[in-house]
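Structural overview for review
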Amino acid sequence: MKFYAPMPRFVVGSDHHDLIRRLFRRSAPPGTQRIDLITTTKLRVSIVDCGKASSPIESEADTIIHVLWQLDESAATITIGGDTWPIAPGDTAAIPTGDEWYLSPNQLMIQIVRRSHELALPVAPHHGMESFTGHNRGTTYDLPTQLSIQRWKLTEPLTVESAQDQILIGLFNDLALQHHSEVELMPQGEVRVVRGDGPITLVPNGLSYALIIRT
């Protein structure tokens with residue numbers, strides 16, 4: 001087994017607070033507004049700074065939005081198909097193919113576009129269901145199976161099965177990834193693809209956050 005590190009694509013924009021470089025990936029070029037962390041024929045995973053004045057977007061495929069940070073949490077919203085909901089860091093929402101949507105300004109989000117058509121209606125933003133493995137806190141979200149994601153707050157090693165391909169995103173602080181065949185460091189803001197071949201162990205650097213996308 002190998003931990004595969006996809007080549008990211010950096011997109012520079014204007015009229016934003018440089019949130020990606022300040023809060024997510026310090027090595028990103030100044031002015032980066034979006035990083036396509038991984039792009040395949042089936043999905044695209046990006047980190048996006050929606051900027052100071054966001055515009056409506058038509059969803060090209062079933063889309064998951066996971067919010068990481070907001071400049072003004074009290075006024076933050078997401079609008080999908082004309083309906084508006086408040087949204088907070090840690091919340092996840094889902095948008096069906098063809099629906100128009102946008103976030104209020106100055107939010108940092110993970111955007112997952114999966115080339116499927118499973119969603120008939122939007123999934124309103126929600127904070128998920130929490131569970132604990134030791135002192136590690138996992139959050140799962142009310143999404144269709146093929147759109148599932150899980151967020152982990154890690155304070156001690158966590159072993160996860162890898163019977164299917166998974167994408168790991170380091171949201172905060174570095175993580176060591178251990179497999180019986182190799183060990184790899186995943187710095188904050190980077191991605192690793194894990195192809196199923198036995199369990200892997202995520203080892204945090206004190207406190208770390210990670211997002212797991214199962215493909």
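Below or above, wherever it landed, is the structure these notes cover. Since we're looking at a predicted model, the values are computed, not measured.

**Let's talk about the overall build of the protein chain**
Secondary structure summary: the protein chain contains one helix and 22 strands in total. Since a compact globule built from 215 residues should have a radius of gyration of about 17 Å, the 17 Å found for the protein chain is in line with a globular shape. Considered along the principal axes of its C-alpha atoms, the protein chain spans approximately 50 × 40 × 35 Å. Scored against the burial criterion, the 215 residues of the protein chain give a buried share of 49%. Considering only intrachain contacts with a sequence separation of at least 6, the fraction spanning at least 24 residues in the protein chain is 67%. When the accessible surface of the protein chain is summed, it comes to about 9,900 Å², and 51% of that surface belongs to carbon and sulfur atoms. Where the 18 positive side-chain charges of the protein chain centre and where its 24 negative ones centre are 7 Å apart.

**Brief notes about the sheet that holds strand S21 (residues 200-204)**
If you walk across this open sheet you meet the four strands as S16-S21-S18-S19, and the pairing is antiparallel. The outermost strands of the open sheet, each flanked by one partner alone, are strand S16 (158-160) and strand S19 (182-186). Pairwise comparison of adjacent strand axes, ignoring direction, gives a mean angle of 20° for this sheet. Sheet analysis places S16 next to S21, joined by three bridges and oriented antiparallel. If you follow threonine 159 over to S21, its bridge partner there is threonine 201.

**What about the environment of glycine 198?**
Relative to the elements of secondary structure, glycine 198 occurs in the loop between strand S20 (191-194) and S21. Distance from glycine 198 to serine 162, taken between C-alpha atoms, is 5.7 Å for residues 36 residues apart in sequence. Residues within four places of glycine 198 in sequence aside, it is in contact with Ser162 and His179.

**Some thoughts on the pattern of salt bridges**
All chains considered together, the criterion is met by eight salt bridges. Across the pair arginine 9 and aspartate 36 runs a salt bridge whose closest N-O atoms are separated by 3.0 Å. Taken together, the positions of arginine 9 in strand S2 (residues 9-12) and aspartate 36 in strand S3 (residues 32-39) put the pair 27 residues apart, joining distant regions of the chain. With its nearest N and O atoms 3.1 Å apart, the salt bridge here joins glutamate 60 to arginine 115. With a gap of 55 residues between them, glutamate 60 in the loop between strand S5 (57-58) and strand S6 (62-70) and arginine 115 in the loop between strand S11 (107-114) and strand S12 (123-126) connect regions that are remote in the sequence. Judged by its relative accessible area of 39%, arginine 115 falls in the partly exposed class. Beyond isolated ion pairs, a larger network of salt bridges with shared partners links Arg9, Arg34 and Asp36.

**Comments concerning the side chain of aspartate 18**
Along the polypeptide, aspartate 18 turns up in the loop between S2 and helix H1 (19-24). With relative accessibility at 12%, the residue aspartate 18 sits in the buried group. Within the local environment of aspartate 18, its side chain forms a polar contact with the backbone nitrogen of glycine 31, the two atoms lying 3.2 Å apart. Beyond its immediate chain neighbours, meaning those up to four positions away, aspartate 18 contacts Pro30, Gly31, Thr32 and Asp49.

**Brief notes about the sheet that holds strand S7 (residues 77-80)**
Consider a sheet: its strands pair through backbone hydrogen bonds, and that pairing is either parallel or antiparallel. Pairing in this open sheet of four strands is antiparallel, and the strands run S5-S10-S7-S8 from one edge to the other. Single-partner strands in this sheet number two, and they are S5 and strand S8 (83-86). Bridge analysis of S7 against S8 gives four bridges, and the strand direction is antiparallel. Bridging across to S8, threonine 77 finds its partner in proline 86.

**Comments concerning the environment of aspartate 15**
Structurally, aspartate 15 can be placed in the loop between S2 and H1. Of the residues examined, aspartate 15 reaches a relative accessible area of 48% and is grouped as partly exposed.

**Examining the environment of aspartate 174**
When you line up the elements, aspartate 174 lands in the loop between strand S17 (166-172) and strand S18 (175-179). Overall, aspartate 174 belongs to the partly exposed group, its relative accessible area being 26%. Spatially, the C-alpha atoms of aspartate 174 and glycine 13 are 27 Å apart, while their sequence positions differ by 161 residues. Sequence-distant contacts of aspartate 174, defined by excluding residues within four places in its chain, comprise Leu185, Met186, Pro187, Gln188, Val203, Pro204, Asn205 and Ser208.

Thresholds applied
- Residues numbered from 1 in each chain as written.
- Predicted model: local features only at pLDDT ≥ 70, side-chain atom pairs only at ≥ 80, totals over all residues.
- Heavy atoms only, no water.
- Helix = DSSP H or I, 4+ residues; strand = E, 2+ residues; numbered from the N terminus.
- Rg over C-alpha atoms; globule rule 2.2 N^0.38 Å.
- Buried < 20%, exposed > 50% of the residue type's maximum accessible area, 1.4 Å probe, protein only.
- Contact = heavy atoms within 4.5 Å.
- Areas by Shrake-Rupley, 256 points an atom, 1.4 Å probe, with all protein chains shown as cover.
- Lys, Arg positive; Asp, Glu negative; His and termini not counted.
- Charge placed at Lys NZ, Arg CZ, Asp CG, Glu CD.
- Pairing = 2+ DSSP bridges.
- Axes fitted to C-alpha atoms, helices over the stretch in contact; angles between N-to-C directions.
- Salt bridge = Lys/Arg side-chain N within 4 Å of Asp/Glu carboxyl O.
- Polar contact = N/O pair within 3.5 Å; in protein donor to acceptor, adjacent residues only side chain to side chain.

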